[in-house]
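Structural description and commentary
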Amino acid sequence: MRLTVTGGGTGGHVFPALETAKAARDMGWQVEYLGSLRGQELGACAKAGMPFIGFPSLPLVRPLSVQGARTLVLMCKATLMAKRRLQESRPDVVLTMGGYSSAPIITAAKNLKIPLVVHEQNSVPGRTNLIAAKRAFRICTVFKAAAKHFEKEKTVRTGMPIRSRLREASFGTLPFNSPWANGRPAVLVMGGSQGAAALNDVSLATAVRMARAGIQWIHLTGEKNYESALEARAKLSVGEDYDIKAFMDEEGMAEAFSACHMAICRSGAGTLTELAAFRRPAILVPFPRAFADHQRVNAQEFVDIGAAVMVDQDDLDPAGLEGRVLSWLHDTDLYNEAQKAMANWDVVDSVSKILKVIEEAAADSDQHGKVK
């Protein structure tokens, strides 16, 4: 089996694509990753030892502008380059996780009549995946709400691949010797891969209010907000129970999820999937400028099943946050029901489900000589 994987620009597309690619490689498939030279996929593939070919591409923000014209030229150039590469590698299937950098590869696959499998991570599909879905063999989804955007007979819920170490740790069988595994309740604060300045000050202020509650805090700020968060912690005289990290690798995140009792975070697809894997309820603060407000729709699915509460960024305040934290920590029935709901929502074998769809796409192409 020969598989080409694409999708990128941001980690939300890259990491699930890479996890699927690595699993396919482990099965003996010939796998390569095509993407953008600008996004995160180049570095991620290099670290994983995954063959990668990059093309020049940019997000198309304003088509009727000088920058928009330049982006379209680059896209055409990248499409020609991708077509030549696909003609050389002759993949049985192309798997796309979406993102602007996948557009040239999707177009080239369409022109060459190579079967296409689409994986949509969010509840509201991105532009690239919406277009790709029209001629895809199957659309794999994570959120149940996403199904209404696609043809019913072509859509299957496979869940989201998460980093293998996190998935393994979520089973609770790995020993950790972390500073947070001390029996005290822990709250994990994180704003996604870029951090969230809006969460920093209010979380610190909440920690001050709750100084006598015996809670430890694990705060992942992102590189750009790290120094300012340290300064704010010093000004507020917050103690060592408030642990601030700029970045945590896969091992660190596994320890943090394992140690925490709940989270305060954005509602990106990857974050919610990881929370569900570890059965950790959350206070969700959707990123207000996300495309089509998809983070709000993501969060609503968790609210509806009882796995989270949602707070608008403009409504964040220490007193309200304190009350919601205490509710998750002290209402045992509420907490247990949230964990059951996440267990039902979580798809443990998401990677194998996606690989099965890819095999079906290849078999269908062999049988009919074209994608239905």
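All values derive from a computational prediction rather than experimental measurement.

Section: the overall build of the protein chain
Of the regular secondary structure elements, the protein chain holds 14 helices and 13 strands. Taken over the C-alpha trace, the protein chain has a radius of gyration of 21 Å; the compact-globule value for 372 residues is 21 Å, and the two agree within 12%. Seen through its C-alpha atoms, the protein chain measures out along the principal axes to roughly 65 × 45 × 35 Å. Contacts in the protein chain between residues far apart in sequence, at least 24 positions, make up 65% of those at least 6 positions apart. By element, 52% of the accessible surface of the protein chain is carried by carbon and sulfur atoms, the whole surface being about 16700 Å².

A closer look at the sheet that holds strand β2 (residues 30–36)
On the basis of which strands lie adjacent, the open sheet formed by seven strands has the order β3-β2-β1-β4-β5-β6-β7 and parallel pairing. For this open sheet the edge positions go to β3 (52–55) and β7 (155–157), each flanked by a neighbour on one side alone. Taken pair by pair, the neighbouring strands of this sheet meet at an average axis angle of 20°, ignoring direction. Where helix α2 (residues 41–48) meets the sheet, its contacts fall on β2 and β3, and the angle it forms with β2 comes to roughly 155°.

What about the packing of helix α7 (residues 197–209) against helix α8 (residues 223–235)?
Taken N-terminus to C-terminus, the directions of α7 and α8 make an angle of 15°; their axes are 10 Å apart at the nearest point. By the angle between their directions, the pair α7 and α8 is classed as roughly parallel. Here α7 and α8 pass one another in a crossing that is right-handed. Of α8, the residues touching α7 (which contributes Ala 197, Asn 200, Asp 201 and Leu 204) are Asn 225, Ala 229, Ala 232 and Arg 233. Among the residues making up the contact of α7 with α8, the classes are represented as four nonpolar, two polar and two charged.

Description of the nonpolar core
Trp 217, Ile 264, Leu 284 and Phe 302 are the most contacted members of the largest nonpolar core, which totals 61 residues. When residues in this core are grouped by element, the largest group, six residues, is from helix α10 (residues 269–278). With near-sequence residues (within four places) excluded, Trp 217 lies in contact with Val 187, Val 189, Ser 203, Thr 206, Ala 207, Met 210, Asp 241, Tyr 242, Asp 243 and Ile 264. Counting residues in hydrophobic clusters, the runner-up holds 27 residues, among them Leu 18, Ala 24, Phe 52 and Phe 137.

Description of the packing of α7 against helix α12 (residues 318–330)
Their axes nearest at 9 Å, the elements α7 and α12 cross at an angle of 65°. With respect to α12, the element α7 is oriented roughly perpendicular. The handedness of the crossing between α7 and α12 comes out as right-handed. For the pair α7 and α12, the contacting residues are Val 202, Ser 203, Ala 205, Thr 206 and Arg 209 in the first and Pro 318, Ala 319, Leu 321 and Glu 322 in the second. Counted by class, the contact of α7 with α12 contains five nonpolar, two polar and two charged residues.

Thresholds, definitions, all that
Residues numbered from 1 in each chain as written. Predicted model: local features only at pLDDT ≥ 70, side-chain atom pairs only at ≥ 80, totals over all residues. Heavy atoms only, no water. Helix = DSSP H or I, 4+ residues; strand = E, 2+ residues; numbered from the N terminus. Rg over C-alpha atoms; globule rule 2.2 N^0.38 Å. Contact = heavy atoms within 4.5 Å. Areas by Shrake-Rupley, 256 points an atom, 1.4 Å probe, with all protein chains shown as cover. Pairing = 2+ DSSP bridges. Axes fitted to C-alpha atoms, helices over the stretch in contact; angles between N-to-C directions. Parallel < 35°, antiparallel > 145°, perpendicular 65-115°, else oblique. Left-handed = near helix turned anticlockwise from the far one by under 90°. Nonpolar A, V, L, I, M, F, W, Y, C, P; charged D, E, K, R; others polar. Core = buried A, V, L, I, M, F, W, Y, C linked by side-chain atoms within 4.5 Å. Buried < 20%, exposed > 50% of the residue type's maximum accessible area, 1.4 Å probe, protein only.

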